[in-house]
Protein chains: 2
Amino acid sequence: MSIRVGIYGYGNLGRGIESAIKQNPDMELVCVFTRRDPEKLTIATEGVKVCHVDKVTDYKDRIDVMILCGGSAKDLPTQTPDLAKMFCVVDSFDTHAKIPEHFARVDSAAAQHGNVAIISCGWDPGMFSLNRLYAEVILPEGKNYTFWGKGVSQGHSDAVRRIEGVADARQYTIPKTDALNSVRNAEEPLLTARDMHLRECFVVAKEGADLERIEKEIKEMPDYFADYDTIVHFISSEEMKRDHSGIPHGGFVIRTGATGADSSNNHVIEYSLKLDSNPEFTASVICAFARAAYKLQKKGELGCKTVFDIPPSLLSPKSPEELRKELL
Amino acid sequence: MSIRVGIYGYGNLGRGIESAIKQNPDMELVCVFTRRDPEKLTIATEGVKVCHVDKVTDYKDRIDVMILCGGSAKDLPTQTPDLAKMFCVVDSFDTHAKIPEHFARVDSAAAQHGNVAIISCGWDPGMFSLNRLYAEVILPEGKNYTFWGKGVSQGHSDAVRRIEGVADARQYTIPKTDALNSVRNAEEPLLTARDMHLRECFVVAKEGADLERIEKEIKEMPDYFADYDTIVHFISSEEMKRDHSGIPHGGFVIRTGATGADSSNNHVIEYSLKLDSNPEFTASVICAFARAAYKLQKKGELGCKTVFDIPPSLLSPKSPEELRKELL
């Protein structure tokens, strides 16, 4: 019997989940829930229902795991605990400072209703977090570094789009090679934000806009750009569409540390991702953890978990014997 | 209260464990067990006992986790199940084809005596296995590649040393750059053994030995060298000592795969290690899993596990709250 999955919210991430489910033969998409008019939403999978979110209670016993595809700012803080009362849930909550309160709310909802919830799932938080943890426990005397990119930052692109005179914008976060090399050489450098990442913006200006002012406003924007070296290119909307319509991302988690009687032996642990599509990769991670949520509940577990709490074998459709034979 | 650890076997790995325990403040080395005369063995930690293996039963209630540092060929097949009757145990059993039977023997011994055993722990099998698993569950439509090196292969070095006329030898396994690049470019190439790795040998010949014959015997040795491009250098014993006394190793686990409605988006997941000391890094991994074995037993679990079965959070001395705050 396959794992019956629901998708709650049908944006980039929701579409990524829909496509990832097709790569996992033990999973079956039951329904996509939307706040829009379901009649007007066409999804990619034939024969799968689209329902308004109001109807979600009807699916209480027809869905094993609900995957939440809303945003961390406004959707997930209420959606995840609410839905954890009815289903096992997985979300990709990524507002780091608010994880403790989100965890507490989801934990109590899920535990009271016998469900398993996995929050903050994806690649960062998610796979990058796991790699920071594994690397730290192996090399207690060492230092973790996380670099992001090259990839599109949605938040920074949005910030540029809000500037007067900007019609469209795309911001790439790019790790700096010198910093990466220094880290890989186990030099354990002290690095500022500016040392680690470069920000490159492609901007379509509205007709007659003051380009100099736009560039200045970008480069001086506090939090987003002021602490970085920023490059601004003005391009046409045709160029934007042709060259910048993808959503690539990726990055590096590197830990270096020393071992031995006199700490003379250095080690470098590096995990890297190079992703053509950020939302599709995030969705692929989430699907594997949805399987684990389902299995954990079947084993009698309940409450809120993170990637740190999940035995890796539960992520796989294979049996423990197969895993030991094929992958150990 | 700290986790009381015993070391069973005091070679390179045992010394690595001894040194790793010092980096983990929640662990305490209780005793080193040896088959040699304990009077003649001096260890690096003051105040810690050295006992003959015959005395191990005396320590049944004084050691929480016994770390086995013997070899996979002759020691671990009997030692791990025997000691799992008295202690939680961790070993680094790496004879791949025999893992199922080793697992079964250790599982029944550990389960019957209420202990937790973790077998095949280190970096391969171990961290590399974990990365093969994580990558496969995220990208079900894709391909895993494992490259080893640059590093010293003990087995291949030993094989060269057994050739007549060879006084000493060191063999480095080196991943081939073309193959690595093709894999990283998501070309999913079909690679032979020869495509993936180069074998480089440094040989000290005995006086008067026939160098040409030695080189030929190395290059034609079945299983070890015949299927590879092999380079042989003859060097002096002084050069061997000066340039080849370390035990570096490392490697790469790479998975590429595609996602999306038309599988048009490629992703590259890469995990790599660059290690100055193979045994010290292996020991560092084992220590983290020893902590997990201890915690699992306290939670009432028993029987044999592998790295696939261990929730990552149990590897850390930090609380779940700290982990979520600092690393998620």
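Use the structure listed above.
Residues numbered from 1 in each chain as written. Chains lettered and ligands numbered in written order. Predicted model: local features only at pLDDT ≥ 70, side-chain atom pairs only at ≥ 80, totals over all residues. Heavy atoms only, no water.

**Points about the sheet that holds strand S13 (residues 265-275) of chain A**
- Sheet architecture is open: six strands sit in the order S7(A)-S12(A)-S13(A)-S13(B)-S12(B)-S7(B), paired in antiparallel fashion. Only two strands of the sheet have a single neighbouring strand rather than two, namely strand S7 (142-148) of chain A together with strand S7 (142-148) of chain B. Taken over all neighbouring pairs, the strand axes of this sheet differ in orientation by 10 degrees on average, direction set aside.
- Across seven bridges, S7 of chain A lies against strand S12 (residues 249-259) of chain A in antiparallel orientation. Each bridged residue has a counterpart across the sheet, and for Trp148 of chain A the counterpart in S12 of chain A is Gly251 of chain A.
- Contacting S12 and S13 of chain A together with strand S12 (249-259) and strand S13 (265-275) of chain B, helix H10 (residues 278-298) of chain B runs over the sheet at an angle of about 70 degrees to S13 of chain A. (Pairing = 2+ DSSP bridges. Helix = DSSP H or I, 4+ residues; strand = E, 2+ residues; numbered from the N terminus. Axes fitted to C-alpha atoms, helices over the stretch in contact; angles between N-to-C directions. Contact = heavy atoms within 4.5 Å.)

**Considerations on the state of the cysteines**
- Counted by the stated rule, this structure contains zero disulfides over all chains.
- Here Cys31 of chain A stays free of any disulfide, with the sulfur of Cys51 of chain A as its closest cysteine sulfur at 3.4 Å. (Disulfide = S-S within 2.5 Å.)

**Focus on the packing of helix H4 (residues 127-138) of chain A against helix H4 (residues 127-138) of chain B**
- Two numbers describe how H4 of chain A lies on H4 of chain B: the axes approach to 13 Å, and their chain directions differ by 175 degrees. When the axes of H4 of chain A and H4 of chain B are compared, the pair comes out roughly antiparallel. Of the residues in H4 of chain B, those in contact with Met127, Leu130, Asn131, Tyr134 and Ile138 of chain A of H4 of chain A are Met127, Leu130, Asn131, Tyr134 and Ile138 of chain B.
- Looking at side-chain class alone, the contact of H4 of chain A with H4 of chain B contains eight nonpolar, two polar and no charged residues. (Parallel < 35°, antiparallel > 145°, perpendicular 65-115°, else oblique. Nonpolar A, V, L, I, M, F, W, Y, C, P; charged D, E, K, R; others polar.)

**Here we look at the layout of surface pockets**
- In this model, the largest pocket occupies a volume close to 1700 Å³.
- Along its surface, the largest pocket is lined by 50 residues, and Ser72, Ser92, Asp94, Gln154 and Asn278 of chain B are the ones closest to its centre.
- Of all elements in the fold, only helix H1 (12-21), strand S2 (27-34), S7, helix H5 (154-161), strand S10 (197-205) and H10 of chain B reach the threshold of two or more residues within the lining of the largest pocket.
- Its residues placed into classes, the lining of the largest pocket shows 19 nonpolar, 22 polar and nine charged.
- Space inside the second largest pocket adds up to approximately 1300 Å³.
- Lining the second largest pocket are 30 residues, with Asp94, Asp124, Gln154, Gly155 and Asn278 of chain A positioned closest to its centre.
- Looking at which element gives the most residues to the lining of the second largest pocket, the answer is helix H5 (residues 154-161) of chain A, with four residues.
- Counted by class, the lining of the second largest pocket contains 11 nonpolar, 15 polar and four charged residues. (1 Å grid on protein atoms, 1.4 Å probe; cavity = no way out; pocket = protein on both sides within 12 Å on 5 of 7 lines; lining within 4 Å. Points joined across faces, edges and corners; volume = space filled by probe spheres on them.)

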